[in-house]
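What follows is each chain in one-letter form.
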Amino acid sequence: MLEMLNKILIQNGLVTAFACVGVSIWLAGVLSRRLTFGHVHGSAIAIVIGLALAYFGGSVTHGQKGLADFPLLAGIGLMGGAMFRDFAIVATAFEVQASEARKAGMIGIVSLLLGTLIPFVIGALIARAFGYTDAVSMTTIGAGAVTYIVGPITGAAIGASSDVMALSIATGLIKAIIVMVGTPFAAKFMGLKTPRSAMIFGGLAGTVSGVSAGLAATDRRLVPYGALVATFHTGLGCLLGPSVLYLAVKAIVG
Amino acid sequence: MIIYGTALLAACHLMGLFLGDLLGAAIGVKANVGGVGIAMLMLISLKIYLNGKGWMPKETEAGVGFWGAMYIPVVVAMAANQNVVAALKGGPVALLSAIAAVGACALVIAVLSRSGKDDTAFPPAHSLEFTEEQDI
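Residues numbered from 1 in each chain as written. Chains lettered and ligands numbered in written order. Predicted model: local features only at pLDDT ≥ 70, side-chain atom pairs only at ≥ 80, totals over all residues. Heavy atoms only, no water.

Caption draft 1: Examining the overall build of chain A more closely. Along the backbone of chain A there are 12 helices and 0 strands. For chain A, the α and β elements follow one another from N to C terminus as α-α-α-α-α-α-α-α-α-α-α-α. By residue count, 59% of the 254 residues in chain A fall in the buried class. Look at the contacts in chain A between residues 6 or more apart in sequence, and 65% of them connect residues 24 or more apart. For chain A, the computed accessible surface area is about 10,100 Å², with 71% contributed by carbon and sulfur atoms. (Helix = DSSP H or I, 4+ residues; strand = E, 2+ residues; numbered from the N terminus. Buried < 20%, exposed > 50% of the residue type's maximum accessible area, 1.4 Å probe, protein only. Contact = heavy atoms within 4.5 Å. Areas by Shrake-Rupley, 256 points an atom, 1.4 Å probe, with all protein chains shown as cover.)

See the structure below:
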């Protein structure tokens, strides 16, 4: 019986992955509502669960691919692999309304550029201070400080090692969680009360999940304005990270 | 047809990655340069073009929208296959980079939102259909 079930789960790896990820996200949603009363976004908890399971998988199997090193869960490797990841990222571009984006105007573009450059430079410098002195690692960790999507996409494009990629995701994830939890408390300091300020926030604070959750916890009406700019964030980071920013870092550190 | 949307997305994805490879080769980087970003820009432009022509019915949009909504689940799966054990050895890097990045950005937001003229305001009962649940 159990062997038959095992065989089916292994043979249908990707489908198994869909089911497992679905359960994790449901669990994350429950934890988000019950434990944090919605203060920490469900997606952030789900990603933390994913990273925790990857840690568990890595320590049990001593492999490189986290949970995907269990034969039963190899489908997670396909679902979270480069093909599906890039496909889903490209699809999110569809949510950008060009007519609305124009309203964001110059200040949105300025904050988007600053929101890519400032975290990148800080992340890359801190990475260097901690001994990641090669251009690829500095760029990947710097990109992770932009968002947890830009980090691995940049890392994959320029050939970063898996541990640097994980570090860059961890950086982006910690940043997203700080934005989600900290925004309501820092809202007054940041002057978050108008659509324009929400757009500045969306450009500078980065991740869509961080921005939308952080703004929702502050003032529900701010959400669409911030998220609108934030949806450009990952695209801009993915465009600049492996190209201009990588070449700049390479030119500086050699 | 829902497949038209997914096929459009697939075409942009492949074309973007191809152009990213070409760009990488052109500037001498042994890597795909901005392929995903190029694909996104192509999809945004194509959406505007097709919408203008009236060739973007709801079903076609759903063929892309589904994959956009799968973004967080895919990221969760991606997190689950990272080499976290190895990453934790460099722990303070992630924590410090994140805290410093958020702090610096918060300062810049505070400055920018107070500078210049802010003539934006909330119209009464503005579009509240956007929910944070879309993110998960």
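Caption draft 2: Fine view of the overall build of chain B. Scanning chain B for helices and strands turns up 6 helices and 0 strands. Shown N-terminal to C-terminal, the secondary structure of chain B runs as helices and strands in the order α-α-α-α-α-α. Looking at the 136 residues of chain B, the share that counts as buried comes to 46%. With the model as given, the accessible surface of chain B reaches about 6,800 Å², and the carbon-plus-sulfur share is 71%.

Caption draft 3: Spotlight on helix α3 (residues 58-69) of chain B. Its 12 residues place the ends of α3(B) 15 Å apart at the C-alpha level, agreeing with the 16 Å of an ideal helix rising 1.5 Å per residue. Residues of α3(B) that are buried: B:Thr60, B:Gly63, B:Val64, B:Trp67 and B:Gly68. Viewed end-on, α3(B) has its buried residues packed into an arc of 135°, placing them on one side of the element. Taken together, the buried residues of α3(B) touch α5 (82-92) of chain A together with α1 (2-26), α2 (35-53) and α4 (71-80) of chain B. (Expected span 1.5 Å × (residues − 1). Arc of directions from axis to C-beta.)

Caption draft 4: The environment of A:Thr36, seen in detail. Structurally, the position occupied by A:Thr36 is in the loop between α2 (13-34) and α3 (42-61). Here A:Thr36 is in contact with A:Leu31 and A:Ile45, once residues within four sequence places are set aside.

Caption draft 5: Here's a closer look at α5(A). Counting buried positions over the 11 residues of α5(A) gives 9, a clear majority of the element. Within the span of α5(A), buried status applies to A:Phe84, A:Arg85, A:Asp86, A:Phe87, A:Ala88, A:Ile89, A:Val90, A:Ala91 and A:Thr92.

Caption draft 6: Representation of the packing of helix α7 (residues 135-144) of chain A against helix α8 (residues 150-158) of chain A within the structure. Residues and elements named next belong to chain A. Where α7 meets α8, the closest approach of the two axes is 7 Å, and the angle between their N-to-C directions is 160°. Classified by the angle their axes make, α7 and α8 are roughly antiparallel. Seen from above, α7 lies across α8 with right-handed handedness. Contacts between α7 and α8 pair Val136, Thr139, Thr140, Ala143 and Gly144 from the former with Val150, Gly151, Thr154, Gly155 and Ile158 from the latter. Partitioned by chemical class, the residues of the contact of α7 with α8 number 4 nonpolar, 6 polar and no charged. (Axes fitted to C-alpha atoms, helices over the stretch in contact; angles between N-to-C directions. Parallel < 35°, antiparallel > 145°, perpendicular 65-115°, else oblique. Left-handed = near helix turned anticlockwise from the far one by under 90°. Nonpolar A, V, L, I, M, F, W, Y, C, P; charged D, E, K, R; others polar.)

Caption draft 7: Representation of a nonpolar patch on the surface in the model. Among the surface-exposed residues, A:Met106, A:Ile109, A:Val110 and A:Leu113 lie close enough to one another that they form a single nonpolar patch of about 360 Å² accessible area. For A:Leu113, the location among the structural elements is in helix α6 (residues 98-129). (Patch = residues over 30% accessible without salt bridge, like charges linked within 9 Å, V, L, I, M, F, W, Y side chains within 5 Å. Salt bridge = Lys/Arg side-chain N within 4 Å of Asp/Glu carboxyl O.)

Caption draft 8: Examining the confidence of the model for chain B more closely. Residues and elements named next belong to chain B. Averaged over every residue, the pLDDT of chain B is 78; residues scoring 70 or more account for 74%. Per-residue pLDDT, averaged within each element of chain B, yields its smallest value for helix α5 (residues 84-88) (65) and its largest for α1 (90). Contacts from residues 125-136, a stretch scored under 50 in pLDDT, to residues over four places away or in other chains number 26 contacts. (pLDDT = per-residue confidence, 0-100.)

Caption draft 9: Main features of unusual backbone geometry. All names here are of chain A. Even without a glycine there, the phi angle at His62 is positive, about 55°. Relative to the assigned elements, His62 resides in the loop between α3 and α4 (74-79). For His62, a relative accessible area of 67% corresponds to the exposed category.

Caption draft 10: Spatial organisation of the packing of α5(A) against α4(B). Where α5(A) contacts α4(B), the two axes come as close as 9 Å, and the packing angle between them is 150°. Between α5(A) and α4(B), the angle is such that the two are roughly antiparallel. At the point where α5(A) passes α4(B), the crossing takes the left-handed sense. In this structure, α5(A) contributes A:Phe84, A:Arg85, A:Ala88, A:Ile89 and A:Thr92 to the contact, and α4(B) contributes B:Tyr71, B:Val74 and B:Met78. When the residues that make up the contact of α5(A) with α4(B) are grouped by side-chain class, the tally is 6 nonpolar, 1 polar and 1 charged.

Caption draft 11: Main features of the side chain of B:Ser113. Here B:Ser113 lies in helix α6 (residues 91-114). Apart from the residues lying within four places of it in its own chain, the contact partners of B:Ser113 are A:Met190, A:Gly191, A:Arg196, A:Ser197 and A:Ile200.

Caption draft 12: Region of interest: the side chain of A:Thr147. All names here are of chain A. Here Thr147 lies in the loop between α7 and α8. Residue classification places Thr147 among the buried residues on the basis of a relative accessible area of 1%. Separated by 3.0 Å, the side chain of Thr147 and the backbone nitrogen of Val150 make a polar contact. In this view, Thr147 contacts Gly172, Gly206, Thr207, His233 and Thr234; residues no more than four positions away in its chain are not counted. (Polar contact = N/O pair within 3.5 Å; in protein donor to acceptor, adjacent residues only side chain to side chain.)

Caption draft 13: View of the packing of aromatic side chains. What the rule picks out here adds up to 4 aromatic pairs over all chains. Considering the side-chain rings of A:Phe84 and B:Trp67, the 5.8 Å spacing of their centres and the 35° angle between planes classify their relative orientation as tilted. Placement of the pair is A:Phe84 in helix α5 and B:Trp67 in helix α3, with the two residues belonging to separate chains. For the pair A:Phe84 and B:Trp67, one class covers both residues: buried. Between A:Phe87 and B:Trp67, the ring centres sit 5.1 Å apart and the planes meet at 65°, which makes this aromatic pair edge-to-face. (Phe/Tyr/Trp six-rings, centres within 6.5 Å; stacked < 30°, edge-to-face > 60°.)

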